[in-house]
Every structure is written in C-alpha cells, then in structure tokens.
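Structural description and commentary
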Amino acid sequence: MSGALPVLKPADYASNQDVRWCPGCGNYSILAQMKKVLAALQVPREKLVFISGIGCSSRFPYYMQAYGIHGIHGRAPAFATGLKATRPDLQVWVITGDGDGLSIGGNHLMHCIRRNIDVNIILFNNRIYGLTKGQYSPTSRLGAVTKSSPAGSIDNPLHPLSIAIGCEATFVARSIDTNIKHFGEVLQRAADHRGTSFIEVYQNCVVFNDGAFDYATDRDHKADTTLELEHGKPLIFGKNRDKGIRLRGLDPEIVELGAGVSERDLLCHDEQAPEPSLAYLLSRMRYPEFPEPIGVFRTVDRPRYEVELNNQIEAARAKKGRGNLEALFQTGDSWTVS
Amino acid sequence: MPAATDGPADRVTSKQFIQLEGATVRVAGDSGDGIQLLGTQLTNTSALLGNDVATFPDFPAEIRAPRGTRAGVSGFQVQFSSHDIFTPGDHLDTLVAMNPAALVTNVTDLKPGGLVIVNEDAFNAKEFKLANLDHNPLEDGSLAGYQVIRVPMTALTRKAVEELELGVKIADRCRNFFAMGLVYWLYGRDLSATLRFIRSKFGNRPDIVQANEKALRAGWDYGETTEAFACSYRVDPARLPPGSYLNLMGNQALAWGLLAAAELSGKDLFLGTYPITPASDILHELTKLKHFGIRTFQAEDEIAAVCAAIGAAFGGAMAVTTTSGPGMALKSEGIGLAVMLELPLIVVNVQRGGPSTGLPTKTEQADLFQAVYGRGGECPLPVLAAASPADCFDVAQEAWRIAVRFMTPVMLLSDGYIANGSEPWRIPRLEDLPRVEISHPEPVTDGQVFLPYDRDKRLARPWALPGTPGLMHRIGGLEKQNRTGIVSYDSDNHEAMVQLRARKVAHVASDIPLQKLDGPPAGDLLVVSWGGTFGACTTAVRRCQAEGLSVGHVHLRYLNPFPRNIGELLRSYKRVLVPELNLGQLRTFLAATYLVDAVGFNKVKGKPFAVGELVDRIKAELATVD
C-alpha cells in the first residue's frame, strides 16, 4: 500500500450543481445530514446511487456527487429495484416525497418494501404538493385548506409508517428535518440495515405549508409532542420525563409517572419484535392526542429480494452448469436435413 | 433428406396410401379438450418427419369458457408440406371436430370435398343445446359437399383404457390422444415422438402414461382397421436447406434471440415484465433459463416493469421489457424517459387486437402508430418488426445491436399470430451469430471531467456504469445540456437536443441493410408489408409471379427509420399496395414520408390474411393499373 486512502469529507459528496430549493426549505438540512453520514461511513462515491421521482425532494440526486437518476413521477422504487437486482454491489438510496411516494407511486413503494430489496427509502413528508405550487397531498390533514381544496380537504390522510409496516417493512423509522443529530443517527442505521429501509422525515415546506410541523419542532413543546424511541426502554416523554405510554387493552394511553404508576407499567419499546403490531400501534399515535414517536420503530431481518434472485441463479448453475447456447439449441426434438 | 425418427416406427400401415404435396389440418374442440396439445404434437411429429410446417393456434380468451359452447371452441391449424411454405394454409383438407360447436364454427373453412372427422359421441341433444343448435348438423344436409367420417371417439377411448380402471373422467381426458392417433394414421405420421412426449410429460403418473399411450395407439389402429377410410396419405419431407432444425414458436424464438444477444455481447439479461397475453410466454421461457444468468422480474405493473428495466440498463445489464398493446400504453412515460436518458433498452410489444383490452388472444398489427409516435414530446426511437416465428430470433439480436450502438431504446414488434405460431428453425452455428461489441468508459482519476452526454460519430453517448470511479454523473428526464448532461432550460439548447435525438435515430438508417425486393426491379404492382403478414404476402405474391403477373414484394423489418432505398423502390412500380391487419398505419407512414399514393388492403378481424384473399386483391388492383 502506498499510503492511506484519501478520507472523504462531507463536501466531497456535493456535486458541482447549485442547490435550488427555496431558502429555508427543510431539504437543506436533510442534504447536509446525508453528506455527513456518508462521510462518516466513508461510502465510496462511485458505489452510491441516488434515485428519485418527481417533486421538490426528487431534485436531491442532482446535488450529490454520486451516480443518480432523476426519474419519473412515483417510479423511483422501480428503477431502484431493477438496479439493485442486477448490481447488489451498489448502495442505493430512493428519495421521494408524500405525493411522489404515496400518491402516484404508492404501488411501487408498497411492492419495493414487501420484496425487502436492499435500498434505503427516504420519504420527505411536508404534507403538501410543493413543486406544483400548493395542492393538498395524500398526507395533508383533513380540512387542510390548499389551492386545490379551498373548502378544506375531505381526503382521509395516509400515514406513511402505517403503510410501510402494513407492507411488512423490515426497517421503519421517523425523524425531523431540523432535529439534525437524531436524523443523522436514523440515516446511519438505515444505511446499515440489510433490506428495505423506510424513513419518514418531517420536512417543512416554507412556502406552501410553513409550520406544518411546528408542534413537533417547537423548542418549548417538542418534548411533550414527540417521543424518542429507544430499544428496550419504556415509552417516556415530556419536558420533565414524567409522562409515559401504557397499554390499556389494545390501545395506548398517556399516564403520569408517580402516584402509583411506575416505569414498569409502561409499554417498552422493542424494535426487533418479530410481529409488527407494536410498531403499527406506535405509527398510529398522533398529535394532538399523543406524542408522535420518532426514531426506529422496527428493524428485523428477512430474506432480501436481490439475494434470493441471485441465489436462484447460483442454484440453477449448480444443478445444470452454466448456460450453454449450443446445448440449449439442441434441447427438444431436433432433426437434421443433409 | 430426413433423419426423422430414432428407432423403428411404432406402427406401419398395410393399407394403400396416396402421395400428397402437403396438407392443412385443423383440430377443433372444447377449450378443455387438449386441442392445443394435440396440435403441437402433430406439428412436432410432422417437423421431425422432415415436412416444412406452419401453425396457427386459435383459442378463446377465457381459460375455461362454458363447455360445449361456440365461444369455448379452441382450434389448432397446421399445414405440413414437402415444399417451402410460409403460412398455415387458407383452407382445410381435414377438420377434426370434437363436438357440434367445433363443427359448425369451423366447417366453412373446409375445402369442397374435404374430410371432416367428428366425435360422434358428442352429437347429442345436450351438446346441440350448448352449441345453440336446434338439430343435428350431421343430418341436416349441410355437410353434403364433404366426406364425413363419424367416429365414436368417447366410447372407443373408454374401451381402450378400460382395463386400467381409471374411471370415466380420466378416460375421457385421453380422448385427444385417440384423435391424434387417428390423424397420425391418416397422414402416415410416426407415433414415436408423441410416445416419448407422453412418457416425459406424465412420467410421475404411470397409469396416465399407459392410458394416453393406449388411447393414441387405439386411434391409430382404428384408422387401420375401420372400413371408413379406404386409404391414408403421405407427405414427403421438404427440401429444406441442410442443417439441424427445431420447430420453434415465435415467443420462444424471441426469448432465445434475446438470450443469444446477451451471451454474445457479454451481458446478463434482465427482463422486467408484467404478465399479459400474448407476451407472457417470453417470460415463461426466460425464467427457466436462470443458469444463463438471466434475471426475470415480474413487476407489480407494466410501469414498474419498464422502469426496473431502465434501472438495470443504468447498471449495465442487457435490459428488456415485454408487453402487448395495453401494456405498452402504460409504459409510454417510461419509454420516453429511456429516450431522454439515452440508455439501451428493448421494448417488445407482442401485438393483439385492440384498442383497450380488445381481443387478447387474437392477432392484429394496430400498434405501429403507438410504437413510432406513442409518447409525449418529440420522442423518436427505432422500431423493428419480426416477420415470422423463426425470424423473432434474428430480430431480437438486431434490436440489441441497434440499442447499444446508438444508446437508445428500441421497439420490437411481434404479434399474436407469430408469437404462438411455429415453424422449422434452422439451428445456427454460434460462430455465425452476430456479436455486438460493447465498451464502457474506463475510470478516470479525480479532477478529470467526465461528460456523460458526449457523443461518438453515431451521436451515441457513453454508457458509463455505476461503480466506476470518477464517472459519477446524474441523468434524468429534465432537458439537459449536450455533452455535460447538466439540466438546462435554455430554449436554443432544447431545440438543439430535440434535433439531435431525432438525428441520432435517423442515423440508424445508415447502419441497416438496404431493403430487398422480391420481384423484378420495376413493374406494375409493389406489395409492401411488415410484421407477421410476411408468410401470406410472400405466398400470394409468388403465386401471382408464377402466373406471370408483374408484381414485386417488399417486406419491411425496419419501420423507423426506413431503409434508405424505400423511396426508390416505391417509385419503381406503377402502383403500391399495402396489406395490413389495421386500418392503414404503414400506408400512412409511406404516404407521408414518400408522398406515394399507396392503396391499402386492410383487415381487422383478429385473424391473419388468407393467401387467397391477397391473391384476389392483387389481381383486382392489377386490373386497374394502366
């Protein structure tokens, strides 16, 4: 060896393109965290591929010094599947949004997750269509007044994590664009996970839905409105860490610690639970009735599509030998004309 | 000369036989009667005997249409001949009808005086009702012009397998083998190949093997002993060019062609697809061949299928997506992206009757406009069409050659008729197959600029693969600057890029052979055809030429761009006739491109052209040429 390999710094992962998101957009901090995490992991840039669909978040690949496809609306998981199935050596990230991933691309998202192909999906949830200038999205709250719903949205919103868990996702997490440290940790765990990683990140759209997540980011309230999940730890939250989540029958309830309630009575987080019921229950906890959990909801092992696909090829070769065209052409009933 | 069978024939007739040049036989029955299997066996046996063969399976879209009804009739037609043939034949020499519905829906295709063999046991009141008949068609005089032979097939088959004590239900499922045996006797076909097939197909059920063997031999013996047949027929081997042959269906040939292209260009094949009639057999074939490193991906929908293929192409695989008309509509946006990304990709459309769900199991050529124009924006791509089942093998390889040389998606059109039809395919020697050279840019050291949209002399951009140090680049659907690939909204750049993509595809014309003409260099009528009508048009034109008529024939493989000499060929004849199984799509292209006043002969019945109707049309057109 002629010296150590050059160390990649976060800036080395930046492409030469000017970033063109609106000033103050939550995407900036997501981009910054991504570069930091990749540098921390020292992922070779040529092994990285970012794939996106259409929407504000989907411009992400242009800003990374990596390989990338800015695809068509909603189809990023499908491109990623074809790429990862043929090139398991690459680290593939899918960048999508609430409209791209859950509306037009809902089908692909669902099937990518259930196949457990080893890609990392980050869904930037801002509860609005930004690039088309402010229509309600599949995660907009009931009653949301937008350009296309002046009388209030009457579409019951989808909850990204509930969907991912319903599709048997093997890694499910949530974080918040401005919670830099937390998001960085979640990203790193997603990168480490083998199989589909699904991260929902609350992302503030300063132009069309500003303040949508103030309840979860506001310095004074976030300790009461969010709950940081830790594996093996009871669900405790609140500025004074004096509130917890207890199970009553099949439903969660908020309880005050003390006065006959101890930590032992609380629901304990198990991100490795084989059954996804607990993760699903957590994904259903919503503000203002509950604090919204952030962190890793679920991480389990399951066979990966690209591994199984390539195993089948190896098995076929072990049984029949490597394919040989001449031998193939002679299969079946051939005859000779002389 | 044939080297047809291994070992002695299973049965030898002692009756007299008559020598024929060829024969067209159709078997028809209920879709649960095993008709397609019967037809395939008859075809393979005839091919092994050395006959030239051409087939036309015709079946309902429903998996099990109501039994006994006209809608549930499944048919399989085969022509076998001692000379070159290109079609499964217009009219039938022999029709085998397993029930009344099959008889009444097929008998009109029988030649005058032709032979019709019916399963007499199925001609009863219950079956008449199912076939919507109020009387017995065997007794109403409607078959007066034919030789009718009634065979109690159900009873004879049950008797043949009786000692195996399998029960009536299983016994009746052997009936198609009885019919097969009878047809084999009638045309002097050897039973060996089908006996081998029975053993390999039903090997794990010795009782079923025995039953089918008994039924097959009983059918043959019936022909030999019954007084109903005075003699049988013989069709000698055809004088095909020397070589080894295999009877191949179009979809299988297409799958093998794709595989050969992958192997000979050093690529692993990736097929992203979604099941759709009549294209699914390509998936079925390729997924069996995993030991070649083929990855088949059955996607969640047509869109994911093409997008996964694009992802695989980006990663450096030989990427293919297969579909039929409705699926191609769904893929349009993805194909448009592939044009913009300038990645190699093969899109196979096995056309069927449209629009919409249309006629899923019937043939048509009505997706030519969609293939050439069916995308948003100015979105050109090369379009090729296969001419026959065996030709699918060659066209698939040619599609890949063009895709990689020009870094473009290529559309390959097949159709239900050639996809399910079969013909002898001369097994090629590997060294005779075309090899496609593919090169990927080498790694560059830090600091050197890589230009993902740089161009070679064909205007193709480099195919740089993820994983290559220094070549990191981003591609996408947004308009981009030439050479750098950087997103650009500049109006002059956009116009230049639109022109560039068009020019690149137009350049394909200089990379393909000149169009061949079958006929004199000039004359009265030029027949211009494309796709699966090749066989019928070739046969019709040759028949007219043999009669001394001034007719030429051009059959197009390349539909976009056209070969360079098409304009010249069109102008060499006084009149141009374009037969198509659509309302005139190629004719419109020819008229628009070459200002030729072409005449159409169009048919959209879900059926291929008959040779006779083409001959009549050619003659009628010639009569009006000065």
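In this report, the structure presented in the accompanying data block is examined. Keep in mind it's a predicted model, so treat the numbers as computed, not measured.

A short note on the environment of leucine 500 of chain B
Residues and elements named next belong to chain B.
- Inspection of the secondary structure puts leucine 500 in helix 16 (residues 491-507).
- Assessed through its relative accessible area of 7%, leucine 500 is described here as buried.
- Setting aside anything within four residues of it in sequence, one finds leucine 500 in contact with Arg455, Leu459 and Asn482.

Re the interface of chain B and chain A
- Contacts between the two partners involve 72 residues from chain B and, on the opposite side, 58 residues from chain A.
- Looking at the side of chain B facing chain A, the largest losses of area belong to His291, Met472 and Arg474 of chain B, adding up to 14% of the total buried there.
- Here chain B is connected to chain A by two salt bridges.
- Between arginine 196 of chain B and aspartate 333 of chain A there is a salt bridge, with its nearest N and O atoms 3.1 Å apart.
- Between chain B and chain A we count 26 residue pairs in polar contact (both at pLDDT 80 or more) in total.
- Broken down by element, the side of chain B that touches chain A gets its largest block of residues, nine residues, from helix 11 (residues 302-315) of chain B.

Some points on the sheet that holds strand 15 (residues 409-415) of chain B
Residues and elements named next belong to chain B.
- Spatial strand order, 11-10-12-13-15-14-20: seven strands in an open sheet with mixed pairing. Two strands lie at the open edges of the sheet, namely strand 11 (295-298) and strand 20 (558-560), each paired on one side alone. When the angles between neighbouring strand axes are averaged without regard to direction, this sheet yields 20°.
- Pairing analysis gives seven bridges linking strand 13 (residues 345-351) to strand 15, with the strands arranged parallel. The partner of valine 348 across the bridge, within strand 15, is leucine 412.

Focus: the side chain of threonine 96 of chain A
Residue and element names in this part refer to chain A.
- Position of threonine 96 relative to the elements: it lies in strand 3 (residues 91-97).
- Since its relative accessible area comes to 3%, threonine 96 is described here as buried.
- Of the polar contacts made by the side chain of threonine 96, one reaches the backbone nitrogen of glycine 101; its length is 3.0 Å.

Procedures and definitions
Residue numbers here run from 1 along each chain, matching the order of that chain's written sequence. Chain A is the first chain written and ligand 1 is the first ligand written, with later ones labelled in order. Reporting of local features is limited, given that this is a predicted model, to residues whose pLDDT is at least 70; pairs of side-chain atoms are given and counted only at 80 or more, and all residues count toward the totals for whole chains, interfaces and linings. For side-chain calculations, the full set of non-hydrogen atoms in the structure is used, while hydrogens and water are omitted. Numbered from the N terminus, helices here are DSSP runs of H or I no shorter than four residues, and strands are runs of E no shorter than two. Working definition: with a 1.4 Å probe on protein chains only, accessible area under 20% of the residue-type maximum means buried, over 50% means exposed, and in between means partly exposed. It only takes one pair of heavy atoms within 4.5 Å for two residues to be counted as in contact. A simple way to read buried area is as the amount of 1.4 Å-probe accessible surface that goes missing from two parts once joined, with both sides added. The salt bridge criterion pairs a side-chain nitrogen of Lys or Arg with a carboxyl oxygen of Asp or Glu, the two atoms within 4 Å. N or O atoms closer than or at 3.5 Å make up a polar contact, with two conditions inside protein: a donor-capable atom paired with an acceptor-capable one, and, for residues adjacent in sequence, both atoms drawn from side chains. Two strands are said to pair when DSSP picks up at least two bridges between them. Only the stretch in contact is used when a helix axis is fitted, and all axes are lines through C-alpha atoms; the angle between N-to-C directions ranges over 0 to 180 degrees.

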